[in-house]
Amino acid sequence: MFGPMRIADNIPTSWCEPWKIKTIEHIHLASAEERRSALEIAGWNTFLLPSRRVYIDLLTDSGTNAMSDVQWAAIMTGDEAYAGSKDFERLEEVVQKVYGYEHLIPTHQGRGAEHIQSQIMIKKGQIVPGNMYFTTTKFHQEHAGGEFEDVIVDEAFDPHSEFEFKGNVDLAKLDRIVQRVGPQGIAYVSLETNVNMCGGQPISMANARELKAYCSKLGIKVMLDATRAVENCYFINTKEAGYEATSISAILAELCSYTDGCTISGKKDCLVNIGGFLALRDDHLAQMARELVVAFEGLHTYGGMAGRDMGAMAVGIVESQDFEYIRARVEQVGYLGKRLERFGVPVVKPFGGHAIYLNVRDILPHMPQEQYPAQRIAAELYLESGVRSMERGIVSAGRDHDGNEYKPDLELVRLTIPRRVYTQSHLDYVSEACARVCQRAESIRGLKMVYEPGSLRFFQARFESLN
Ligand SMILES: *Cc1c(COP(=O)(O)O)cnc(C)c1O
């Protein structure tokens, strides 16, 4: 009845997530009518949708991580002493060992650390060069009297460039600032890993090393935004010659060794839902930071975090160093990117460490930017499938001082993947939904804005459909 057994020659060597699921949270796909009504109530803005109407939530990877059983155990054994909690000691030891900085100042989340760092390190009128801005980072630099200047490489602005280290600092741009204002005119260089605003794109170790050598000669400090440093280290391992056999911990230790301290939002790499910290080498700066943290965050041994949150973060940092984990994390993002590419959906490359971006200029070439094409595609994706994404285009860019809309080159929709939360089949569903939206792109009309907040308009703006 059956022929001889025939096994294929080209059997792939797959790998799996290094975890299995112990607790689940139910999700529910609202009906097409319910989605339509929810979107209209939300003024066609995915930020205004209630989470209970969302099926797969790719709005952000911030604070949306799934914790492990060991982290939950740390939550139960948290030491809630006001001063000198054992969980502070535990977190301090982990930060010293993994990131290599002597002093830990815990904060309620990343922006709390940015606030303290900016206040102690920036004098009014100083420039803070950085590899692309991040919203809260830049806010605190300016709030402290500093001025941000972008020194990222040009490739970062080109969605068609496949350069592998689009996060790199352009040392010639930095040198021009130094020539203009002198080393005293610079507060410090702000170096971000897996640069969020250009799509989660990494910096290379060589670039960090050269930056440190350049800054050391002039006595300028380099401060890391290590929020996505572990994801950046995975890219160094897989893309940069000489690091193939180096562990993630060793790569991270070397990267941090080229810097004088860091701020971190624990809500990303550290695998927790809340928390952050500032870490420093310099004793004097650390003393100043501790004086400020008690005024703005909490006592210097908890800084706005509960003891249990510090415990869970200490465990999360150790778990984030596991190669099997970080490979599953970053490659899952790449999996979605490759599926979309196979369906012919235009995406930005190379794929970043935390998100895939739909290139809406290529999806809706007929639609003028004034009709908010990326906002419309994010809304259409929700209508199609209950999947929530966010606009990163003209709406997010806002207006200049004269009230004119910025017209950014990039008109994107961001699909951000929470850590350890969704499976491959969830991402199959997402990619098919994106493909169906693109298939009917020609019939998709634009939006008009009917309510516009004065600042950070993308969070709360409201729209109506033009058809
Ligand atoms: C999220 C983030 C921050 C701010 O951290 P919060 O915890 O949201 O306050 C700072 N820098 C980068 C790169 C981030 O992604």
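Worth saying up front: this structure is predicted, and the values here are computed from it rather than measured.

Some details on the domain arrangement of the protein chain
Step number 1: The domain boundaries assigned to the protein chain delineate domain 1 (32-54 + 323-465) and domain 2 (69-320).
Step number 2: One C-alpha centre belongs to domain 1, the other to domain 2, and the line joining them spans 28 Å.
Step number 3: With 23 residues of domain 1 in contact, the opposing surface of domain 2 contributes 29 residues.
Step number 4: Each partner contributes to the roughly 2,100 Å² buried at the junction of domain 1 and domain 2, and carbon and sulfur atoms together form 56% of this total.
Step number 5: Of all residues in domain 1, the largest losses of buried area upon contact with domain 2 belong to I326, P350 and R419, amounting jointly to 26% of the total for that side.
Step number 6: Where domain 1 meets domain 2, there are four salt bridges.
Step number 7: Close ionic contact of R419 with E231 constitutes a salt bridge, the shortest N to O distance being 2.9 Å.
Step number 8: Where domain 1 touches domain 2, the interface holds ten residue pairs in polar contact (both at pLDDT 80 or more).
Step number 9: Of all the secondary-structure elements, those providing two or more residues to the side of domain 1 that touches domain 2 are α12 (323-342) and β9 (355-359).

Section: the sheet that holds β9
Step number 1: Strand order across the open sheet formed by three strands is β9-β12-β11, with antiparallel pairing between neighbours. Both outer strands of the open sheet, β9 and β11 (390-392), are each paired with one neighbouring strand and no more. The sheet shows a mean angle of 35° between the axes of neighbouring strands, taken without regard to direction.
Step number 2: Looking at chain direction, β9 and strand β12 (residues 412-416) are connected through five bridges and run antiparallel. Bridging across to β12, I356 finds its partner in L415.

Comments concerning the site of the ligand
Step number 1: Around the ligand, 14 residues are found, and the nearest of them are R111, D225, R228, S265 and K268.
Step number 2: One of the backbone N or O atoms of G110 is found 2.9 Å from an oxygen atom in the ligand.
Step number 3: Contact distances for the ligand include 2.7 Å between an oxygen atom and a side-chain N or O atom of R111.
Step number 4: Here the ligand, which alone exposes 380 Å², has 96% of that area covered by the protein.

Quick word on the environment of S431
Step number 1: Within the secondary structure, S431 is located in helix α16 (residues 424-439).
Step number 2: Since its relative accessible area comes to 0%, S431 is described here as buried.
Step number 3: Discounting chain neighbours no more than four positions away, the residues touching S431 are L336, R339, L340 and F343.
Step number 4: In terms of polar contacts, S431 uses its side chain to reach the backbone carbonyl oxygen of D428, at 2.8 Å.

Basis of the calculations
Residues numbered from 1 in each chain as written. Predicted model: local features only at pLDDT ≥ 70, side-chain atom pairs only at ≥ 80, totals over all residues. Heavy atoms only, no water. Domains from an automatic or database assignment. Contact = heavy atoms within 4.5 Å. Buried area = accessible area lost by both parts, 1.4 Å probe. Salt bridge = Lys/Arg side-chain N within 4 Å of Asp/Glu carboxyl O. Polar contact = N/O pair within 3.5 Å; in protein donor to acceptor, adjacent residues only side chain to side chain. Helix = DSSP H or I, 4+ residues; strand = E, 2+ residues; numbered from the N terminus. Pairing = 2+ DSSP bridges. Axes fitted to C-alpha atoms, helices over the stretch in contact; angles between N-to-C directions. Near = heavy atom within 4 Å. Areas by Shrake-Rupley, 256 points an atom, 1.4 Å probe, with all protein chains shown as cover. Buried < 20%, exposed > 50% of the residue type's maximum accessible area, 1.4 Å probe, protein only.

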